[in-house]
Amino acid sequence: MTDLLLLWVSDYGLVIISLATLLSCFALPMPSSLMMMAGGAFAATGDLVLWQVCAGAYVGAVIGDQSGYFMARRFGAAHLWAWLQQRRSSARLLSQAEALLEKRGGWAIYLTRWLFSPLGPYINVLAGATHMPWRRFLLADLLGEATWVTVYVTLGYVFGTQIEELSDTLGNVIGALTAGMVTLLLGRALWQQRKPHAS
Amino acid sequence: MRRKAMLASFIIAAGLTAFFIIRAAFFAFVWMDPDRGIHPIEPWMTPRFIARTYNIPRPDMQAILDLGPDDTPRQPLVSLAEAHGVAVEDWINEFNAYLDARPPHD
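Residues numbered from 1 in each chain as written. Chains lettered and ligands numbered in written order. Predicted model: local features only at pLDDT ≥ 70, side-chain atom pairs only at ≥ 80, totals over all residues. Heavy atoms only, no water.

A. Region of the structure containing helix H7 (residues 120-129) of chain A. Residues and elements named next belong to chain A. Across the 10 residues that make up H7, a large majority, seven, are buried. Along H7, the residues classified as buried are Gly-120, Pro-121, Ile-123, Asn-124, Ala-127, Gly-128 and Ala-129. Positive backbone phi, at 55°, marks His-131, one or two positions downstream of H7. (Buried < 20%, exposed > 50% of the residue type's maximum accessible area, 1.4 Å probe, protein only. Helix = DSSP H or I, 4+ residues; strand = E, 2+ residues; numbered from the N terminus.)

Below is the structure:
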């Protein structure tokens, strides 16, 4: 499978890299990080042009994020969110999520572009559904995706010969960081719930 | 009920964290292993990529692929082989033979 994806990058170049970063913003299982690294590796050999690889990946990612945000904002997710907030079982948790996004939304958007990237698509929908101010979302998104693209294309450029090994290792590191962060947040929420019972 | 669901989610998330840490460590160890050898030449690689990665002088790479002196197509090896009517495995074997014949620290 990895070989096929790398073949697509060497065959179709920028188009496939842009498409991969765009589709990954919709939570589709696209190994966009590997494809950006492949783009960087091909740029190092002169088969692709570095700035074009960066621009292609960047444009795809930003369009994908903005689409997720606006689709959630315009088409129904806001109604779904309001309905879930009326339900006793989910209201408190959703209010906490909304407060957290209100308070640290910029950082949440920025960090879920690259460091906790598996959460990115869901945060886009959450930001759209809670009507997070678009300018704030856009700024954090532009900075976050710039970090994501720069890190992975540079890694591909430098470690050209070892992109598959690097991708295997890094993919699991990102998975561990994301799952670890979710564990911490859930642990914190459980701890906070425990207090009223204790008193 | 909600607390139970949260507790279950917490346990699953903690399990996933451990799972990814173990996998990351495994791949890192495999990657760093000095006996692993170099990454094999594969059909998705382009001629320039092969020349740079395996430190093969461009004229030697062009000779193996039957290319002209200014010819470095931006195509994967498999597409190039198809265009030349050659089996890609034959070219990969030729590259491997070239690398085997080369002195170790070349």
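B. A look at the packing of aromatic side chains. Residue and element names in this part refer to chain A. Considering all chains together, one arrives at 12 aromatic pairs over all chains under this definition. Seen from their ring centres, Tyr-69 and Phe-70 are 5.1 Å apart, and the 90° between their planes marks the pair as edge-to-face. What makes Tyr-69 buried here is its relative accessible area of 0%. Assessed through its relative accessible area of 26%, Phe-70 is described here as partly exposed. Both rings, one in Phe-70 and one in Trp-134, keep their centres 6.0 Å apart while their planes meet at 50°; by these two values the pair is tilted. (Phe/Tyr/Trp six-rings, centres within 6.5 Å; stacked < 30°, edge-to-face > 60°.)

C. Molecular detail of the domain arrangement of chain B. Domain parsing of chain B yields domain 1 (2-35) and domain 2 (47-101). For domain 1 of chain B and domain 2 of chain B, the distance between their C-alpha centroids amounts to 40 Å. (Domains from an automatic or database assignment.)

D. Local environment of the side chain of His39(B). Examined against the element boundaries, His39(B) turns out to sit in the loop between helix H1 (2-32) and helix H2 (47-53). There is a polar contact of 2.9 Å between the side chain of His39(B) and the side chain of Glu165(A). Separated by 3.4 Å, the side chains of His39(B) and Glu42(B) make a polar contact. Apart from residues lying up to four places away in sequence, His39(B) is in contact with Thr161(A), Glu164(A), Glu165(A), Met45(B) and Tyr54(B). (Polar contact = N/O pair within 3.5 Å; in protein donor to acceptor, adjacent residues only side chain to side chain. Contact = heavy atoms within 4.5 Å.)

E. How the structure looks around the packing of helix H2 (residues 14-24) of chain A against helix H3 (residues 32-45) of chain A. All names here are of chain A. The contact between H2 and H3 brings their axes to 9 Å, and the two run at 155°. In terms of orientation, H2 and H3 fall into the roughly antiparallel class. Classified by chirality, the crossing of H3 by H2 is left-handed. Touching Ile-16, Ile-17, Ala-20, Thr-21 and Ser-24 of H2 are Ser-32, Met-35, Met-36 and Gly-39, all from H3. Its residues assigned to classes, the contact of H2 with H3 shows five nonpolar, four polar and no charged. (Axes fitted to C-alpha atoms, helices over the stretch in contact; angles between N-to-C directions. Parallel < 35°, antiparallel > 145°, perpendicular 65-115°, else oblique. Left-handed = near helix turned anticlockwise from the far one by under 90°. Nonpolar A, V, L, I, M, F, W, Y, C, P; charged D, E, K, R; others polar.)

F. Main features of the interface of chain B and chain A. Counting from both sides, the interface comprises 32 residues of chain B and, opposite them, 39 residues of chain A. Where chain B abuts chain A, roughly 3300 Å² becomes buried across the two surfaces, and 63% of that area is made up of carbon and sulfur atoms. Ranking the residues of chain B by area buried against chain A places Arg2(B), Trp31(B) and Trp44(B) at the top, with a combined share of 24%. Our enumeration of links across chain B and chain A arrives at one salt bridge. Linking chain B with chain A are 16 residue pairs in polar contact (both at pLDDT 80 or more), by the criterion used here. Only H1, H2 and helix H4 (77-84) of chain B provide two or more residues apiece to the side of chain B that touches chain A. For the side of chain B that touches chain A, the element with the most residues is H1(B), which contributes 17 residues. (Buried area = accessible area lost by both parts, 1.4 Å probe. Salt bridge = Lys/Arg side-chain N within 4 Å of Asp/Glu carboxyl O.)

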